[in-house]
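Descriptive analysis of the structure
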Amino acid sequence: MAIAFDETPESDVPRCEIRAEVPVPIEAGGRTLTARMITFSGLVDGREHLALVFGEEPAPVPLVRLHSECLTGDVFGSGRCDCGPQLREATDRLAEGGILLYLRQEGRGIGLYNKLDAYVLQDQGLDTFEANRRLSFADDERDYRVAAQMLRALGVDGIRLLSNNPDKAAQLAASGITVHESVSTGVFLGSGNRRYIEAKVLHAGHRIALTEVAPA
């Protein structure tokens, strides 16, 4: 079922503009192909978010992944999260035509240094959300209005969302983007990230099919 746009003052998101576009060869879908990398001006948070558009033209309702930057997982292959595998899965699934929004929201919006501080607290027994709260942050500081701005600038107002996170769909809907379908990612469970993934399921309602997850 589509998540409809509720016309309220909170959903009045300003427009942004495409500032530059360049084709870049990348590895996706097991081969090298060209993605259009697109930058924007006028984003509400002033950060350097990036869109990668795969295929000649996006489908009328394209598959879209909102991926929050994770230096430790995306670049260095950290086993403490599932971000790197999710990013690689996304590029593979989008290779035939889709959009990846790479959002500069490290550590669910708290930044790299604070995320590493949260890791220290997690090693002392807190889960990822408890650690954020101990550092005086909300469970999730991310604001997806920028994603809605980017999609509108690309001429997209309805999508299939590749995500397990219901908050992404809800924020997009509140910003005027219709989510026609939420498509779950794979489950990337390793020895170092089970507690992290369980916390996302139990505290944030992520749709991840895990067995042996104890009730909250």
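Now for a quick tour of the structure. In every chain, residue numbers begin from 1 and rise along the written sequence. The model is predicted, so local features are restricted to residues of pLDDT at least 70 and side-chain atom pairs to those at 80 or more, both for listing and for counting; the totals for chains, interfaces and linings are taken over all residues. Here the side-chain values reflect all heavy atoms present in the structure, with hydrogen atoms and water set aside.

As for the pattern of salt bridges
Basic side-chain nitrogens of Lys or Arg form a salt bridge, by our definition, when they fall within 4 Å of a carboxyl oxygen of Asp or Glu. Applying the stated criterion across every chain yields a total of eleven salt bridges. One salt bridge in this structure joins Arg-36 and Glu-21, with 3.1 Å as the shortest N-O distance. One end of the pair, Arg-36, is in strand E2 (residues 31-41); the other, Glu-21, is in strand E1 (residues 17-28), and 15 residues separate them in sequence. A salt bridge links Asp-139 to Arg-133; the nearest nitrogen and oxygen atoms lie 2.6 Å apart. The partly exposed category is assigned to Arg-133, whose relative accessible area is 40%. Helix numbering and strand numbering both begin at the N terminus, where a helix is a DSSP run of H or I of at least 4 residues and a strand a DSSP run of E of at least 2. The rule is simple: take the accessible area with a 1.4 Å probe, protein chains only, and divide by the maximum for that residue type; under 20% is buried, over 50% is exposed, in between is partly exposed.

Quick notes on the sheet that holds strand E4 (residues 63-68)
Any two strands are treated as partners once DSSP identifies two or more bridges connecting them. Taking strand neighbours across the sheet as the criterion, the seven strands line up as E1-E2-E3-E5-E4-E6-E7 in an open arrangement whose pairing is mixed. The open sheet has two edge strands with one neighbour each: E1 and strand E7 (178-183). Strand-to-strand twist of the sheet, defined as the mean angle between neighbouring strand axes without regard to direction, takes the value 30 degrees. Note: strand E6 (residues 158-162) against E7, five bridges, orientation parallel. Every axis in this analysis is a line fitted to C-alpha atoms, fitted for helices over the stretch in contact. Angles between the N-to-C directions lie between 0 and 180 degrees.

Digging into the environment of Arg-134
Within the element layout of this structure, Arg-134 appears in helix H5 (residues 128-134). Measuring from C-alpha to C-alpha, the distance between Arg-134 and Leu-121 comes to 8.3 Å, with 13 residues separating the pair along the chain. Should any heavy atoms of two residues lie within 4.5 Å, those residues are considered in contact. Look past the residues within four positions of Arg-134 in its chain and what remains in contact with it is Leu-121 and Leu-126.

A word on the pairing of E2
Looking at chain direction, E1 and E2 are connected through eleven bridges and run antiparallel. Its bridge partner being in E2, Val-22 is matched across the sheet by Met-37. Counting the residues that bridge the hairpin from E1 to E2 gives two residues, and of these Gly-29 lies at a positive phi of roughly 60 degrees. As paired strands, E2 and strand E3 (residues 50-54) are joined by four bridges and run antiparallel to one another. Looking at E3, one finds that Ile-38 is bridged to Ala-51.

What about the nonpolar core?
Remark: nonpolar core denotes a set of buried residues (Ala, Val, Leu, Ile, Met, Phe, Trp, Tyr, Cys) joined through side-chain atoms within 4.5 Å. Residues Leu-66, Leu-101, Leu-103, Leu-151, Ile-159 and Leu-172 are the most contacted members of the largest nonpolar core, which totals 24 residues. Those elements giving two or more residues to this core turn out to be E2, E3, E4, strand E5 (98-103), helix H6 (145-153), E6 and helix H7 (166-174). Once residues within four sequence positions are removed from consideration, Leu-66 is found in contact with Leu-101, Leu-103, Tyr-144, Ala-147, Leu-161, Lys-168 and Leu-172. In this structure, Ile-26, Leu-52, Tyr-102 and Leu-162 belong to the second largest nonpolar core, which totals 15 residues.

Looking at the side chain of Asp-82
Looking at the secondary structure, you find Asp-82 in the loop between helix H1 (71-75) and helix H2 (83-94). Assessed through its relative accessible area of 2%, Asp-82 is described here as buried. Residue contacts for Asp-82: discarding those within four places in its chain leaves Phe-188, Asn-193, Tyr-196, Ile-197 and Lys-200.

Section: H6
Among the nine residues in H6, seven count as buried, and that is most of the element. Listing the buried residues of H6 in full gives Val-146, Ala-147, Ala-148, Gln-149, Met-150, Leu-151 and Arg-152. The elements touched by buried residues of H6 are E2, E3, E4, E5, E6 and H7. Immediately downstream of H6, the backbone of Gly-155 shows phi near 80 degrees, a positive value.

Digging into the packing of aromatic side chains
Two aromatic rings from Phe, Tyr or Trp, using only the six-membered ring of Trp, form a pair when their centres are within 6.5 Å; if the ring planes differ by under 30 degrees the pair is stacked, by over 60 it is edge-to-face, and anything between is tilted. Tallied over the entire structure, the rule returns zero aromatic pairs. Charge-over-ring contacts are defined here by two conditions on Lys NZ or Arg CZ: a distance within 6 Å of the ring centre and an angle within 35 degrees of the ring normal. For Arg-80, the ring lying beneath its charged end belongs to Tyr-119, and the centroid distance is 4.2 Å. It is Arg-108 that lies over the ring of Phe-129; its NZ or CZ is 4.3 Å from the centre.

Considering unusual backbone geometry
Comment: phi is negative for the bulk of residues other than glycine, and the bulk of peptide bonds are trans. Within the chain, Arg-108 stands out as a residue other than glycine whose phi angle is a positive 55 degrees. Residue position: Arg-108 is located in helix H3 (residues 106-109). What makes Arg-108 buried here is its relative accessible area of 12%. Non-glycine residue Ser-136 carries a positive phi angle of around 70 degrees. Mapping Ser-136 onto the fold places it in the loop between H5 and H6. With a relative accessible area of 67%, Ser-136 lands in the exposed category.

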